[in-house]
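# An overview of the molecular structure
Given next are the chains, with one letter for each unit.
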Number of protein chains: 2
Amino acid sequence: MVSATPTDWQLDPKIAAETIPVGDLALTRVLLATDANYPWLILVPRRPGLIEIIDLEQTAQVQLMGEINVAAHILKSTTKCEKLNIAALGNVVAQLHVHVVGRHHSDPAWPKPIWGVVPPIAYDAGVRDGLVDTLRRGLQIEYIRN
Amino acid sequence: MVSATPTDWQLDPKIAAETIPVGDLALTRVLLATDANYPWLILVPRRPGLIEIIDLEQTAQVQLMGEINVAAHILKSTTKCEKLNIAALGNVVAQLHVHVVGRHHSDPAWPKPIWGVVPPIAYDAGVRDGLVDTLRRGLQIEYIRN
């Protein structure tokens, strides 16, 4: 199910510095933001030169929506979040990326959008690794089912 | 191309109070936020009870992506915005709605997300009506082409 990554594609260094990889779906690399304030996935299409969702042709847009759907389902079932926030902003990092964030009414930014509200806090390494493992298993299962 | 609106669907009153209608695509009602700080469309699927994108079945998710694509293209060509911000948040208003916002480097929130940064400012009525007319024509043309 997973396409090869084009050799001329590279993950933006700022995104790479603030995330850890969960896995590759057919179009996107799925990453966990290393900010324990929120369960927060970032999906980055592995194609060079993309900035906007509308830079993708229609079939790839449909694929992106399918991968957002899978990631959102897994994040919701794993974290029991009360709301999902899904957004493609890209005002700071130009490389097209889609945020899939699980929100809890008790999180430090609720009900505001998360960006820039409080500084990131580090995960406990064991918690982070357990979350990544759970997400990884869930993505594989859901993606095959999809 | 436009489906009938279910009789049990109603636009959330808070969204209605802060927007004016541009028109209906097959799935969504397209609205212009009445905040002259940003060219800002809101797409609301005309189906009762939706909160998350993942509440839609896959075919409707694909349709939603197609309508986001059309709205984003029209907004970009009409406003010459430098970036698009596309987001489904819904932390304040639960009814599923997708923001499609044209960003300029000179806008009052750049590069932050727009929500809650500065108070809305009123459009000049003539400017607003001209923008709605242009968007309406563009949506019809692009939607047929899509």
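Residues numbered from 1 in each chain as written. Chains lettered and ligands numbered in written order. Predicted model: local features only at pLDDT ≥ 70, side-chain atom pairs only at ≥ 80, totals over all residues. Heavy atoms only, no water.

### Describing the overall build of chain A
Helices and strands together make up the secondary structure of chain A, namely three helices and five strands. Element order for chain A, N to C, with α for helix and β for strand: α-β-β-β-α-β-β-α. Projected onto its principal axes, the C-alpha positions of chain A cover 40 × 35 × 25 Å. When each of the 146 residues of chain A is scored for burial, the buried share is 53%. Considering only contacts within chain A whose residues lie at least 6 apart along the sequence, 59% involve residues at least 24 apart. (Helix = DSSP H or I, 4+ residues; strand = E, 2+ residues; numbered from the N terminus. Buried < 20%, exposed > 50% of the residue type's maximum accessible area, 1.4 Å probe, protein only. Contact = heavy atoms within 4.5 Å.)

### Quick word on the confidence of the model for chain A
As a note on interpretation, predicted positions should not be read in detail where pLDDT is low. The predicted model of chain A has a mean per-residue pLDDT of 94, with 94% of residues at 70 or higher. Complex prediction metrics read pTM 0.95 and ipTM 0.94. (pLDDT = per-residue confidence, 0-100.)

### As for the nonpolar core
Among the nonpolar cores identified, the biggest contains 64 residues, and L41 and V100 of chain A together with L41 and V100 of chain B are the most heavily contacted of them. With residues up to four places along the chain from it excluded, the contact list for V100 of chain A reads P39, W40, L41, L43, I68, A71, A72, L75, N85 and I86 of chain A. Listed in part, the 32 residues of the second largest apolar core include I15, L31 and Y38 of chain A together with Y38 of chain B. (Core = buried A, V, L, I, M, F, W, Y, C linked by side-chain atoms within 4.5 Å.)

### Concerning the packing of aromatic side chains
All names here are of chain A. Overall, the coordinates contain two aromatic pairs over all chains when judged by the stated rule. With 6.3 Å between their ring centres and 70° between their planes, Y38 and W40 make a pair best called edge-to-face. Across this residue pair, the class does not change: Y38 and W40 are buried. (Phe/Tyr/Trp six-rings, centres within 6.5 Å; stacked < 30°, edge-to-face > 60°.)

### Remarks on the relation of the copies chain B and chain A
Structural alignment of chain B on chain A gives an RMSD of 0.0 Å, achieved by rotating through 180° and translating 0.0 Å along the axis. The two molecules are tied by a two-fold rotation axis, judged by turn and shift. Judged by C-alpha distance, A87 of chain B is the residue of chain B that lies nearest the rotation axis, at 2.0 Å. Of the interface residues in chain B, 100% have counterparts in chain A that sit at the interface too, so the contact is made through matching surfaces. (Least-squares fit on C-alpha atoms with pLDDT ≥ 70 in both.)

### Focus: the pattern of salt bridges
Pairing of side chains with opposite charge becomes possible as their charged atoms draw close. All names here are of chain A. According to the stated counting rule, one finds 14 salt bridges over all chains in the structure shown. The salt bridge involving D107 is made with R103; its shortest N-O contact spans 2.7 Å. Considered together, D107 and R103 belong to a single accessibility category, that of buried residues. Residues joined in a network through salt bridges with shared partners are D24, R29 and R46. (Salt bridge = Lys/Arg side-chain N within 4 Å of Asp/Glu carboxyl O.)

### Considerations on the interface of chain B and chain A
In this assembly, 31 residues from chain B lie in contact with 31 residues from chain A. The junction of chain B with chain A conceals about 2800 Å² of combined surface from both sides, 59% of it contributed by carbon and sulfur atoms. Looking only at chain B, the three residues that lose the most surface to chain A are I54, M65 and N91 of chain B, adding up to 25% of its buried area. Counting across the chain B and chain A interface gives two salt bridges. Between K83 of chain A and E52 of chain B there is a salt bridge; the shortest N-O distance is 2.8 Å. (Buried area = accessible area lost by both parts, 1.4 Å probe.)

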